[in-house]
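Listed below, chain by chain, are the residues.
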Amino acid sequence: MAERRVAVAELGEPAYRADQLSRHYFGRFTDSPQDMTDVPAAVRERLAQALLPRLLTAAKELSCDGGMTRKTLWRAADGAYVESVLMRYPGRVTMCVSSQAGCGMACPFCATGQAGLTRNLSTAEIVTQVVSGAAALARGEVAGGRGRVSNVVFMGMGEPLANYASVLAAIRRLTDPVPAGLGISRRSVTVSTVGLVPAIERLAGEGLSVRLAVSLHAPDDGLRDELVPVNRRWKVAEVLDAAWAYAAATGRRVSIEYAMIRDVNDQPWRADLLAGLLAGRLAHVNLIPLNPTPGSRWTASDPVVAAEFEARLAGRGIPVTVRDTRGREIDGACGQLAAAGRELDPPG
Ligand code: SAH
């Protein structure tokens, strides 16, 4: 807010114009000068351009599930592509956002991981993905009628904790009340990470109470070194220690993400090993049937095998759910975001 007031003052306008623009953006989800009827027409354009420049342009929009799931492909000013996904459920709407263009974590089963990292997104580039979803909902453009964004998950492209400062500032903009932010509940924001231990520890100290999700995918270092290469730096035990410290600091159950990959990580003994690691901890397991990505040798676990894995965890008292695969047909499900915008660019 303070920065916006300075920017407004530099344009020779009274400081309260910053609040007016923030209210338009965070309260009414608009960055269009013609909507800002409480600002003198002569300065609207200049103010909107200076304070609310269009950072991302929708290059493509795809929907499925009867319009309840919408994926947007965004093109940034420098030509980088990112994607976000809106998912409407009974009683809530979740926006899955990207924190980086591409990703440097190189997980071999994830489409985003294959192309490498292009760059970090800025705070405003992250926030605008959510504001655009909020705008579509407020205008009644999403099947199911008018609505609001209730949840945000950093499970789109990128490793959010590798873009720490921008992601943290984005969380504040998303959760501060209007006009400073969108007023989404902190408890409804989830940061998902491969397990960057120092960053998890830092996040625990922010006093934010956002939900932490750890992409574990294997209970043993041998396999996790392969599936989540950053495990070579921070081992399963270290990642889980950081997760339990996060749970202790925030009082929030940590979500353990586990993509079920056929004959790779879905053996009964691995379920038992995982249960042993999580027993008595403030944790919840999210089993995600692998979404096969082009060129990958891996596929989803057999449903019978997955059910057995789930039952073994549940039998040991570990809370466990199976994640849906929303958006699969539009390549909008977990790990499928690969910014297919490439196909929009002329060859060469
Ligand atoms: N970099 C962060 C967030 C992005 S991915 C992280 O790794 O947590 C969000 C979730 O989708 C992660 O748990 C990730 O491991 C999972 N995922 C990636 N590719 C997948 C695929 N092909 N099928 C199912 N889940 C996948």
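Residues numbered from 1 in each chain as written. Predicted model: local features only at pLDDT ≥ 70, side-chain atom pairs only at ≥ 80, totals over all residues. Heavy atoms only, no water.

### Here's the deal with the packing of helix α5 (residues 123-138) against helix α6 (residues 164-175)
A pair of packed helices is captured by two measures, namely the crossing angle of their axes and the spacing between those axes. For the pair α5 and α6, the least separation of the axes is 8 Å and the interaxial angle reads 40 degrees. Taken together, the axes of α5 and α6 are oblique relative to one another. Between α5 and α6 the crossing geometry is right-handed. Touching T123, I126, V127 and V130 of α5 are S166, V167, A169, A170, R173 and L174, all from α6. (Axes fitted to C-alpha atoms, helices over the stretch in contact; angles between N-to-C directions. Helix = DSSP H or I, 4+ residues; strand = E, 2+ residues; numbered from the N terminus. Parallel < 35°, antiparallel > 145°, perpendicular 65-115°, else oblique. Left-handed = near helix turned anticlockwise from the far one by under 90°. Contact = heavy atoms within 4.5 Å.)

### Topic: the pairing of strand β3 (residues 81-89)
The buried fraction of β3 amounts to nine of the nine residues, a majority that puts the element mostly inside the structure. Residue alternation in β3 divides its side chains into two sets, Y81, E83, V85, M87 and Y89 and V82, S84, L86 and R88, and both sets are buried. Bridge count for strand β2 (residues 69-76) against β3 is seven bridges, and the pairing is antiparallel. Paired with T69 across the strands is M87, a residue of β3. Linkage of β2 to β3, two consecutive antiparallel strands, is achieved through a turn of four residues, within which G79 is found at a positive phi near 90 degrees. Bridge analysis of β3 against strand β4 (residues 92-96) gives five bridges, and the strand direction is antiparallel. When the bridges of β4 are listed, Y89 appears paired with R92. Turn length for the β3-β4 hairpin, with the two strands adjacent in sequence and antiparallel, is two residues, and the turn residue G91 shows positive phi of about 85 degrees. (Buried < 20%, exposed > 50% of the residue type's maximum accessible area, 1.4 Å probe, protein only. Pairing = 2+ DSSP bridges.)

### Focus on the packing of aromatic side chains
Applying the stated criterion across every chain yields a total of two aromatic pairs. Each ring, one from Y25 and one from F26, has its centre 5.1 Å from the other, and the planes form 65 degrees; the classification is edge-to-face. Of the residues examined, Y25 reaches a relative accessible area of 12% and is grouped as buried. Take F26: its relative accessible area is 5%, and that puts it in the buried class. Ring geometry for Y258 against F309: centres 5.0 Å apart, planes inclined by 40 degrees, an arrangement best described as tilted. Residue Y258 is located in strand β10 (residues 254-260), and its partner F309 is located in helix α11 (residues 303-315); the two are separated by 51 residues in the primary sequence. Looking at R92, its charged tip hangs above the ring of Y89, at a distance of 4.2 Å from the centre. Across the ring face of W298, the terminal group of R297 is positioned such that the distance to the ring centre comes to 4.4 Å. (Phe/Tyr/Trp six-rings, centres within 6.5 Å; stacked < 30°, edge-to-face > 60°. Lys NZ or Arg CZ within 6 Å of the ring centre and 35° of its normal.)

### Observations regarding the confidence of the model for the protein
Overall, the prediction assigns the protein a mean pLDDT of 93, with 97% of residues at 70 or greater. Throughout residues 341-348 the model reports pLDDT below 50, and contacts reaching past four residues in sequence, or to other chains, amount to nine contacts. (pLDDT = per-residue confidence, 0-100.)

### A word on the site of the ligand
In the neighbourhood of the ligand, 20 residues make up the surrounding shell, with S192, S215, H217, N291 and G335 lying closest. Take T193: an N or O atom from its main chain is 3.3 Å from an oxygen atom of the ligand. Here S215 contributes a side-chain N or O atom positioned 2.5 Å from an oxygen atom of the ligand. Protein contacts shield 97% of the accessible area of the ligand, which totals 530 Å² for the unbound molecule. Split into classes, the residues belonging to the shell around the ligand amount to nine nonpolar, nine polar and two charged. (Near = heavy atom within 4 Å. Polar contact = N/O pair within 3.5 Å; in protein donor to acceptor, adjacent residues only side chain to side chain. Areas by Shrake-Rupley, 256 points an atom, 1.4 Å probe, with all protein chains shown as cover. Nonpolar A, V, L, I, M, F, W, Y, C, P; charged D, E, K, R; others polar.)

### A word on the side chain of N163
Within the secondary structure, N163 sits in the loop between β7 (151-154) and α6. A polar contact of 2.9 Å, which involves the side chain of N163, links it to the backbone oxygen of L121. With residues up to four places along the chain from it excluded, the contact list for N163 reads S99, Q100, N120, L121 and I126.

### So, the pattern of salt bridges
Enumeration according to the criterion identifies 15 salt bridges in this entry. The partner of D176 in a salt bridge is R173, and the shortest N-O contact between them spans 2.7 Å. Ionic pairing is found between E308 and R312, a salt bridge with its closest N-O pair at 2.6 Å. Here E308 pairs with R312, and both are found in helix α11, just four residues apart, close to one helical turn. (Salt bridge = Lys/Arg side-chain N within 4 Å of Asp/Glu carboxyl O.)

### A short note on the environment of N265
By secondary structure assignment, the location of N265 is in the loop between β10 and α10 (268-278). Here N265 falls in the buried class, since its relative accessible area comes to 0%. Taking the C-alpha atoms as reference, N265 lies 61 Å from A41; in sequence the two are 224 residues apart. Beyond its immediate sequence surroundings of up to four residues, N265 is in contact with H217, L223, L227, Y258, A259, M260, R270 and F309. Looking at N265, its side chain comes within polar contact range of the main-chain nitrogen of I261, at 2.8 Å.

### Describing the pairing of β2
Each regular strand shows side chains that alternate between the opposite faces of the sheet. Of all eight residues in β2, seven are buried, a share of seventy percent or more. Taken together, the eight bridges between strand β1 (residues 56-64) and β2 define a ladder with antiparallel strand orientation. What sits directly across from E61, in β2, is T72. The hairpin turn running from β1 into β2, its antiparallel successor, is four residues long, and D65 in that turn takes a positive phi close to 50 degrees.

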